[in-house]
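Next come the chains, spelled out residue by residue.
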Amino acid sequence: MTGLKLALISVISYLLGSLNFSIIFSKFFAKQDIRKSGSGNAGATNMLRTYGKKFAAITIAGDVIKVAAAIAVAFLILDIPFEYLFKIPQKADGYMLNIVLYKIFAGFFSVLGHIFPLYFGFRGGKGVAACTGMVILVDWRIALILFAVFVVVVALSKWISLGSIIIAVLYPVLIFIFFRNLTVTLTALLFTVIVIIAHRSNIKRILNGTENKIELNHKK
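Position labels on residues start from 1 in each chain and follow its written sequence. Given that the model is predicted, a residue must reach a pLDDT of at least 70 before its local features are reported, and side-chain atom pairs must reach 80 or more before they are shown or counted; all residues, however, enter totals for whole chains, interfaces and linings. As a rule here, side-chain values come from all non-hydrogen atoms in the structure, and water together with hydrogens is ignored.

**Observations regarding the pattern of salt bridges**
Salt bridge, as used here, is a side-chain nitrogen of Lys or Arg placed within 4 Å of a carboxyl oxygen of Asp or Glu. The tally for this structure, following the rule as stated, stands at four salt bridges. Between Asp139 and Arg141 there is a salt bridge, with its nearest N and O atoms 2.7 Å apart. Using a 1.4 Å probe on the protein chains alone, a residue whose accessible area is under 20% of its type maximum counts as buried, one over 50% counts as exposed, and one in between counts as partly exposed. Since its relative accessible area comes to 27%, Arg141 is described here as partly exposed. Linking Arg205 and Glu211 is a salt bridge whose minimum nitrogen-to-oxygen distance equals 2.7 Å.

**Quick notes on the packing of aromatic side chains**
Note on aromatic pairs: the rings of Phe, Tyr and Trp (six-membered ring only in Trp) are paired at centre separations within 6.5 Å, and the planes decide the class, stacked below 30 degrees, edge-to-face beyond 60, tilted for the rest. Across all of its chains, the model carries 10 aromatic pairs by this definition. Measuring from ring centre to ring centre gives 5.5 Å for Phe21 and Phe25, while their planes differ by 35 degrees; the resulting arrangement is tilted. In this pair, Phe21 and Phe25 are both assigned in helix α2 (residues 21-29), four residues apart and thus about one turn of the helix distant. Seen from their ring centres, Phe25 and Phe29 are 6.0 Å apart, and the 40 degrees between their planes marks the pair as tilted. On the criterion of helical spacing, the pair formed by Phe25 and Phe29 is a turn pair, its members being four residues apart in helix α2. Note on conventions: DSSP H or I runs of at least 4 residues are helices, E runs of at least 2 residues are strands, and numbering of each starts at the N terminus.

**Here's the deal with unusual backbone geometry**
Of note, the phi angle at Asp79 is positive, near 60 degrees, even though the residue is not glycine. Mapping Asp79 onto the fold places it in the loop between α4 (53-78) and α5 (94-115). Despite not being glycine, Phe122 has its phi angle at roughly 60 degrees, a positive value. Take Phe122: it is sitting in the loop between α5 and α6 (128-138).

**A few points about the packing of α6 against helix α7 (residues 140-157)**
In this analysis an axis means a line fitted to C-alpha atoms, helices contributing only their contacting stretch, and an angle means the value between N-to-C directions, from 0 to 180 degrees. α7 packs onto α6 with a crossing angle of 135 degrees between their chain directions and a minimal axis gap of 5 Å. The pairing of α6 with α7 is recorded here as oblique in orientation. Each of Val135, Ile136 and Val138 in α6 lies in contact with α7, whose residues at this interface are Trp140, Ile142, Ala143 and Leu146. Comment on the angle field: the value is read as roughly parallel under 35 degrees, roughly antiparallel over 145, roughly perpendicular from 65 to 115, and oblique elsewhere. Any pair of residues with heavy atoms lying within 4.5 Å of one another is described as a contacting pair.

**Observations concerning the nonpolar core**
In this structure, Ile71, Met134, Val138, Ile142, Tyr171, Ile175 and Phe179 are the most contacted members of the largest nonpolar core, which totals 39 residues. Put simply, the parts of the chain that give this core at least two residues each are α4, α5, α6, α7, α8 (160-179) and α9 (182-198). Ranked by the residues each element gives to this core, the list is headed by α5, at eight residues. Core analysis: the second largest hydrophobic core is formed by nine residues, Phe25, Ala42, Tyr51 and Phe120 among them. We define a nonpolar core as any set of buried Ala, Val, Leu, Ile, Met, Phe, Trp, Tyr and Cys residues linked to one another through side-chain atoms lying within 4.5 Å.

**Overview of helix α3 (residues 44-51)**
Taken across its eight residues, α3 has six buried, putting it largely inside the fold. Three or more residues of α3 are buried, namely Ala44, Asn46, Met47, Leu48, Thr50 and Tyr51. Two residues or fewer past α3, Gly52 is found with a positive phi of approximately 105 degrees.

**A word on the environment of Leu19**
Position of Leu19 relative to the elements: it lies in the loop between α1 (2-17) and α2. For the pair formed by Leu19 and Phe120, sequence separation is 101 residues and the distance between their alpha carbons is 8.7 Å. Among all residues touching Leu19, those that are not within four sequence positions of it are Ile24, Asp63, Lys66 and Tyr119.

**Some details on the packing of α5 against α6**
Taken N-terminus to C-terminus, the directions of α5 and α6 make an angle of 170 degrees; their axes are 9 Å apart at the nearest point. The angle between α5 and α6 places the two elements in the roughly antiparallel class. Of the residues in α6, those touching α5 at Val100, Lys103, Ile104, Gly107, Val111 and His114 are Ala130, Cys131, Met134, Leu137 and Val138. Counted by class, the contact of α5 with α6 contains eight nonpolar, two polar and one charged residues. Polarity classes work like this: nonpolar for Ala, Val, Leu, Ile, Met, Phe, Trp, Tyr, Cys and Pro, charged for Asp, Glu, Lys and Arg, and polar for all others, with Gly in that last group.

**Comments concerning α7**
Here the expected length of a helix is defined as 1.5 Å per residue gap, with one fewer gap than residues. The first and last C-alpha atoms of α7 sit 25 Å apart over 18 residues, in line with the 26 Å expected at 1.5 Å per residue. All of the buried residues along α7 are Ile142, Ala143, Leu146, Val153, Val154 and Ser157. Angularly, the buried residues of α7 cover 95 degrees about the axis, an arc narrow enough to put them on a single face. Opposite its buried face, α7 presents the exposed residues Leu144, Phe147 and Leu156, each directed more than 90 degrees away. Close packing links the buried residues of α7 with α6 and α8. Trailing α7 by a residue or two, Lys158 shows a phi angle of about 65 degrees, which is positive. Think of it as the arc spanned by the lines of direction from the helix axis to the C-beta atoms.

In structure tokens form, the structure reads like this:
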């Protein structure tokens, strides 16, 4: 029965993740597909460059909320009380660590949906905002640390992609420090791999010094 429930969670999480809000909002408000503008990426950074901070912010909010919704649905299917959505597990608490794994499981398929959205020809974003939603529900303390690191890196480098890559690498490290659990750490490493693969072209441009920089005071 648990296997069937997990299969159902994976499908629902993927379908929710496929709701790519950069595409939805750009088509609704600007009557244009964001993938035809700027870098061509269906994500918050391209929304920021193309339409400004407000649209980038609502895109991030939508992508975070859809992952939270996927995890909430997983809780319903598995009959886990919602009080555990933001509860931080203790290292020795096996039940809570299992709940963390369920959160990561639902988050993983939601991120896959974001990157390969069923509704938009399997051409989505790079998954950073979607990953953020999962991290917040896994452990908000880690989410705050990653956010602080991201802000500092972007402020210094003006490269959002570099900030995204660094926090993706740092995420499983923090998971291990906080939880001291190999299984949870290895599953967290999956998100690092996903984000790095999604940013492979950005990594090449960073190494070549040709990556586009963001203007933090940009207004549109």
